[in-house]
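Here's the letter readout for the chains.
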Amino acid sequence: MWQAIRDGAYIYVCGDGRRMATAVREALAAIHRACTGSDDGTGQQWLARLEAEERYQQDVFA
């Protein structure tokens, strides 16, 4: 997963907004921490950049 993201992959998440979407964000932040040695704040900033670049998109429902 990490290599695909580094290579420019786009991430599309579709599903439950209450639990699944939060769990996916947490998993992506954990992958970022594990692969870069960064903290959670840096992982959240990284996710925000992916969203700003439209490389991380969600279609979630309640």
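Description of the structure in this document.

Each value, and the rule that gives it
- Every residue gets a number counted from 1 within its own chain, in the order that chain's sequence is written.
- Confidence filtering applies because this is a predicted model: local features only for residues at pLDDT of at least 70, side-chain atom pairs given and counted only at 80 or more, and all residues used for totals across whole chains, interfaces and linings.
- Hydrogens and water are ignored here; the side-chain numbers use all heavy atoms of the structure.
- Two rings from Phe, Tyr or Trp (for Trp, the six-membered ring) form a pair when their centres sit within 6.5 Å of each other. Planes less than 30 degrees apart are called stacked, planes more than 60 degrees apart edge-to-face, and all others tilted.
- For helices the rule is a DSSP run of H or I covering at least 4 residues; for strands it is a run of E covering at least 2, with both sets numbered from the N terminus onward.
- For every residue, the accessible area (1.4 Å probe, protein chains only) is compared with the maximum for its type, and the residue is labelled buried under 20%, exposed over 50%, or partly exposed between those bounds.
- Salt bridge, as applied in this entry: a Lys or Arg side-chain nitrogen positioned within 4 Å of an Asp or Glu carboxyl oxygen.

## Structural notes on the packing of aromatic side chains
At step 1: Counting across every chain of the model gives two aromatic pairs.
At step 2: Their ring planes at 50° and their centres at 5.6 Å tell us that Trp-2 and Trp-46 sit as a pair that is tilted. Of the two residues, Trp-2 sits in helix α1 (residues 2–6) while Trp-46 sits in helix α3 (residues 40–52), which places them 44 residues apart along the sequence.
At step 3: Exposure remark for Trp-2: the relative accessible area of 17% places this residue in the buried category.
At step 4: Look at Trp-46 and you get buried, because its relative accessible area is 8%.
At step 5: Consider the rings of Tyr-10 and Tyr-12, whose centres lie 6.5 Å apart with planes at 15°: the pair is stacked.
At step 6: In this structure Tyr-12 comes out as exposed when scored by relative accessible area, which is 58%.

## Details of the pattern of salt bridges
At step 1: Tallied over the entire structure, the rule returns three salt bridges.
At step 2: Across the pair Asp-40 and Arg-33 runs a salt bridge, and its minimum N-O distance is 2.9 Å.
At step 3: A residue is classified by how much of its surface remains accessible, and Arg-33, at 30% relative accessible area, is partly exposed.
At step 4: Ionic pairing is found between Glu-53 and Arg-55, a salt bridge with its closest N-O pair at 3.6 Å.
At step 5: Glu-53 gets classed as partly exposed once you look at its relative accessible area, which sits at 45%.
At step 6: You can call Arg-55 buried: its relative accessible area is 15%.

Read these as spatial facts, not as claims about activity.
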